Amino acid sequence: MSTNDYIRQSAQKYHWHKYYSVMRPVSIGTHPKNGMMDFINYDTRTEVNGRMVWAEVYYNKELTQKELEYFEMIRG
């Protein structure tokens, strides 16, 4: 099993909330820290549901609209 598959399987098992980083890959200071469980950076911007994104980011809580806007993220 690949690391990405393991992260996605864990997210499903533990009911983590999925978000996408729209403007940049995940790195220090590019996402809310509180509640973050794991992430998957893509090698290039990738189209998901009609949007170009850089990464999947998983949280054990829902992010606020303010957090989504500030960090330029969308719900998965």
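For the structure itself, look to the data block above.
So, how was this worked out
- Residues numbered from 1 in each chain as written.
- Predicted model: local features only at pLDDT ≥ 70, side-chain atom pairs only at ≥ 80, totals over all residues.
- Heavy atoms only, no water.
- Pairing = 2+ DSSP bridges.
- Helix = DSSP H or I, 4+ residues; strand = E, 2+ residues; numbered from the N terminus.
- Salt bridge = Lys/Arg side-chain N within 4 Å of Asp/Glu carboxyl O.
- Buried < 20%, exposed > 50% of the residue type's maximum accessible area, 1.4 Å probe, protein only.
- Phe/Tyr/Trp six-rings, centres within 6.5 Å; stacked < 30°, edge-to-face > 60°.
- Contact = heavy atoms within 4.5 Å.

Novice: Account for the pairing of strand 2 (residues 36–48), with residues named and values stated.
Specialist: As judged from the eight bridges shared by strand 2 and strand 3 (residues 51–59), these two strands associate in the antiparallel manner. Opposite Val 48, over in strand 3, you have Arg 51 as the bridge partner. Hairpin connection, strand 2 to strand 3: the antiparallel pair is bridged by two residues, and Asn 49 has positive phi, about 50°.

Novice: I'd like a description of the pattern of salt bridges, backed by residues and values.
Specialist: Scanning all chains against the criterion turns up three salt bridges. Ionic pairing is found between Arg 24 and Glu 72, a salt bridge with its closest N-O pair at 2.7 Å. Of this pair, Arg 24 sits in the loop between strand 1 (17–21) and strand 2 while Glu 72 sits in the loop between helix 2 (65–70) and strand 4 (73–75), and the two are 48 residues apart along the sequence. Residue classification places Arg 24 among the partly exposed positions, given a relative accessible area of 29%. Residue classification places Glu 72 among the partly exposed residues on the basis of a relative accessible area of 32%. Close ionic contact of Glu 67 with Lys 61 constitutes a salt bridge, the shortest N to O distance being 3.7 Å.

Novice: Now, about the packing of aromatic side chains: what can you tell me, with residues and values included?
Specialist: Going through the model one piece at a time under the given rule, you end up with four aromatic pairs. Their ring planes at 25° and their centres at 6.1 Å tell us that Tyr 14 and Trp 16 sit as a pair that is stacked. We classify Trp 16 as buried; its relative accessible area is 17%. Taking the centre distance of 5.8 Å and the plane angle of 75° together, the rings of Tyr 19 and Tyr 59 count as edge-to-face. Within this pair, whereas Tyr 19 is found in strand 1, its partner Tyr 59 is found in strand 3, the two being separated by 40 residues in sequence. Pair check on accessibility: Tyr 19 and Tyr 59 agree, each one buried. A connected cluster of aromatic rings, assembled from ring pairs, spans Tyr 14, Trp 16 and Tyr 58.

Novice: Describe the side chain of Glu 67, listing the residues and the values that go with them.
Specialist: Mapped onto the fold, Glu 67 is located in helix 2. The residues touching Glu 67, leaving out its near neighbours within four places in the chain, are Pro 32 and Lys 61.

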